[in-house]
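Each chain is listed here by its residues.
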Amino acid sequence: MINLKILYKNTTKYNESIYLEFLQFHKKKFGLKYTLYTVFVAGLLLFCVALQIKLHNITLASVFFISITCFFLWRYLHPISEVSKDFKSNKIQNEEEFTFIFYEKYFKIRNRLKSNKVKYYELYKVFETSKFFYLYIDKTHSFLLDKEKFSIGFSDDFSKFMHKKCWYKFKK
C-alpha cells in the first residue's frame with residue numbers, strides 16, 4: 001500500500017507585495033542571463049545586417065533589421081505584458097490562497113477551484129530565500145511558499161526535504 005502521509009503543508013495567500021518580492025528575486029536571479037542572451041542575439045543579427053549592407057544586399061539587410069526590431073519588441077514587451085496579466089489575475093487581485101501539500105513522491109497544489117499534482121522531478125529550480133521558497137515549474141513561473149505559513153512541518157525541515165528531493169536544482 002502507498003504511504004500517503006502528509007509531510008508538509010503550507011497555505012500562502014498571493015497578493016501584490018508577495019508578487020513584487022518574487023519579481024525582484026526573479027530579476028536578480030535571472031536578469032543578467034536574460035540581458036546577456038538578448039545582447040548576444042542582437043549582436044549576431046546586427047552583424048548579419050552589416051554583412052548584407054557590405055555585400056549590397058539591401059533586401060536581406062532589411063529582413064535582418066526587421067528581425068532585430070521584432071526580437072527587441074518581444075524581449076521587452078512580452079515580459080511587461082506577462083507581469084501586467086499576472087497583476088490583473090484573480091490570484092493577485094482577490095488575494096487567493098494556495099495550499100501546498102507535500103507527500104513523499106509528489107505535492108499537490110489546491111485553490112478554491114482546482115487541485116494539481118506535481119512530481120518533484122518536474123520542478124525546474126527550487127530557491128530558498130529568507131522569507132520564501134520559490135518552486136519554479138519553468139523558467140518564468142513559480143509557486144511561492146511563505147516560510148511562516150507551514151501548518152504541518154517547519155520551514156527548516158522542509159528546506160532539508162526539498163534539498164534531498166531536488167539536490168541538483170536546489171539553491172539557497
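Worth saying up front: this structure is predicted, and the values here are computed from it rather than measured.

Conventions and cut-offs
Residues numbered from 1 in each chain as written. Predicted model: local features only at pLDDT ≥ 70, side-chain atom pairs only at ≥ 80, totals over all residues. Heavy atoms only, no water. Helix = DSSP H or I, 4+ residues; strand = E, 2+ residues; numbered from the N terminus. Rg over C-alpha atoms; globule rule 2.2 N^0.38 Å. Buried < 20%, exposed > 50% of the residue type's maximum accessible area, 1.4 Å probe, protein only. Contact = heavy atoms within 4.5 Å. Areas by Shrake-Rupley, 256 points an atom, 1.4 Å probe, with all protein chains shown as cover. Pairing = 2+ DSSP bridges. Axes fitted to C-alpha atoms, helices over the stretch in contact; angles between N-to-C directions. Patch = residues over 30% accessible without salt bridge, like charges linked within 9 Å, V, L, I, M, F, W, Y side chains within 5 Å. Salt bridge = Lys/Arg side-chain N within 4 Å of Asp/Glu carboxyl O. Parallel < 35°, antiparallel > 145°, perpendicular 65-115°, else oblique. Core = buried A, V, L, I, M, F, W, Y, C linked by side-chain atoms within 4.5 Å. Phe/Tyr/Trp six-rings, centres within 6.5 Å; stacked < 30°, edge-to-face > 60°. Lys NZ or Arg CZ within 6 Å of the ring centre and 35° of its normal.

*Asks:* Tell me about the overall build of the protein chain, and please be specific about residues and values.
*Replies:* If you tally the helices and strands in the protein chain, you get 4 helices and 9 strands. Its C-alpha radius of gyration of 21 Å places the protein chain more than 25% over the 16 Å reference for a compact globule of 172 residues. Projected onto its principal axes, the C-alpha coordinates of the protein chain cover approximately 70 × 35 × 30 Å. Going through the 172 residues of the protein chain one by one, you find that 38% of them count as buried. Sequence separation of at least 24 residues holds for 59% of the intrachain contacts in the protein chain that already meet a minimum separation of 6. In the structure as shown, the protein chain presents an accessible area of about 11,500 Å², 61% of it carried by carbon and sulfur atoms.

*Asks:* Tell me about the sheet that holds strand E5 (residues 125–128), and name the residues and values.
*Replies:* In space, the 4 strands of this open sheet follow the order E7-E6-E5-E9, with mixed pairing throughout. Lying at the two open borders of the sheet, with one neighbouring strand each, are strand E7 (142–146) and strand E9 (170–171). In this sheet, E7 lies alongside strand E6 (residues 132–136) in antiparallel orientation, the contact comprising 5 bridges. Bridging across to E7, phenylalanine 133 finds its partner in leucine 145. The sheet strands contacting helix H1 (residues 16–54) are E5, E6 and E7, and the helix crosses E6 at an angle near 65 degrees.

*Asks:* Which residues make up the environment of isoleucine 68, and what values go with them?
*Replies:* Positionally, isoleucine 68 belongs in helix H2 (residues 58–88). Its relative accessible area of 6% is what places isoleucine 68 among the buried residues. For the pair formed by isoleucine 68 and glutamate 95, sequence separation is 27 residues and the distance between their alpha carbons is 39 Å. For isoleucine 68, the residues in contact, after removing those within four places along its chain, are Ala42, Leu45, Leu46 and Val49.

*Asks:* Give a detailed account of a nonpolar patch on the surface, specifying residues and quantitative values.
*Replies:* A cluster of nonpolar residues, Leu73, Tyr76, Leu77 and Ile80, forms a patch on the protein surface that exposes about 410 Å² of accessible area. Along the chain, the position of leucine 77 falls in helix H2. The exposure class of leucine 77 is partly exposed, given its relative accessible area of 43%.

*Asks:* Explain the packing of H1 against H2 to me, and be specific about the residues and the numbers.
*Replies:* The interhelical angle for the contact between H1 and H2, taken along N-to-C directions, is 175 degrees, at an axis separation of 9 Å. Judged on the interaxial angle alone, H2 and H1 are roughly antiparallel.

*Asks:* Tell me what's going on with the nonpolar core, and back it up with residues and numbers.
*Replies:* One finds Phe102, Phe107, Leu135, Phe143, Leu145, Phe158 and Met162 to be the most contacted residues of the largest nonpolar core, which totals 33 residues. When residues of this core are traced back to their parent elements, those giving at least two are H1, strand E2 (97–102), strand E3 (106–110), E5, E6, E7 and helix H4 (155–165). What phenylalanine 107 contacts, discounting residues up to four positions off in sequence, is Ile101, Phe102, Asn116, Lys117, Val118, Tyr120, Leu123, Leu135 and Phe143. One finds Val41, Leu45, Phe64 and Phe71 within the second-largest nonpolar core, a separate group that totals 6 residues.

*Asks:* Any chance you could break down the packing of aromatic side chains for me, citing the residues and the numbers?
*Replies:* Here the structure, examined in full by the defined rule, presents 27 aromatic pairs. With a centroid separation of 5.7 Å and an interplanar angle of 35 degrees, the aromatic rings of phenylalanine 107 and tyrosine 120 are classed as tilted. Taken together, the residues phenylalanine 107 in strand E3 and tyrosine 120 in the loop between strand E4 (115–119) and E5 connect sequence positions 13 residues apart. You can call phenylalanine 107 buried: its relative accessible area is 0%. Between the aromatic rings of phenylalanine 107 and phenylalanine 143, the centroid separation amounts to 6.1 Å while the plane-to-plane angle is 90 degrees, which identifies the pairing as edge-to-face. With a gap of 36 residues between them, phenylalanine 107 in strand E3 and phenylalanine 143 in strand E7 connect regions that are remote in the sequence. You'll find phenylalanine 107 and phenylalanine 143 in the same group, each marked buried. An aromatic cluster is present here, built from Tyr8, Phe100, Phe102, Phe107, Tyr120, Phe133, Phe143, Phe150, Phe158 and Phe161 joined pairwise through their rings. Its guanidinium or amino end placed over the ring of tyrosine 34, arginine 75 lies 3.7 Å from that ring's centre, counting from NZ or CZ. The residue whose ring lies beneath lysine 125 is tyrosine 124, and the NZ or CZ to ring-centre distance is 6.0 Å.

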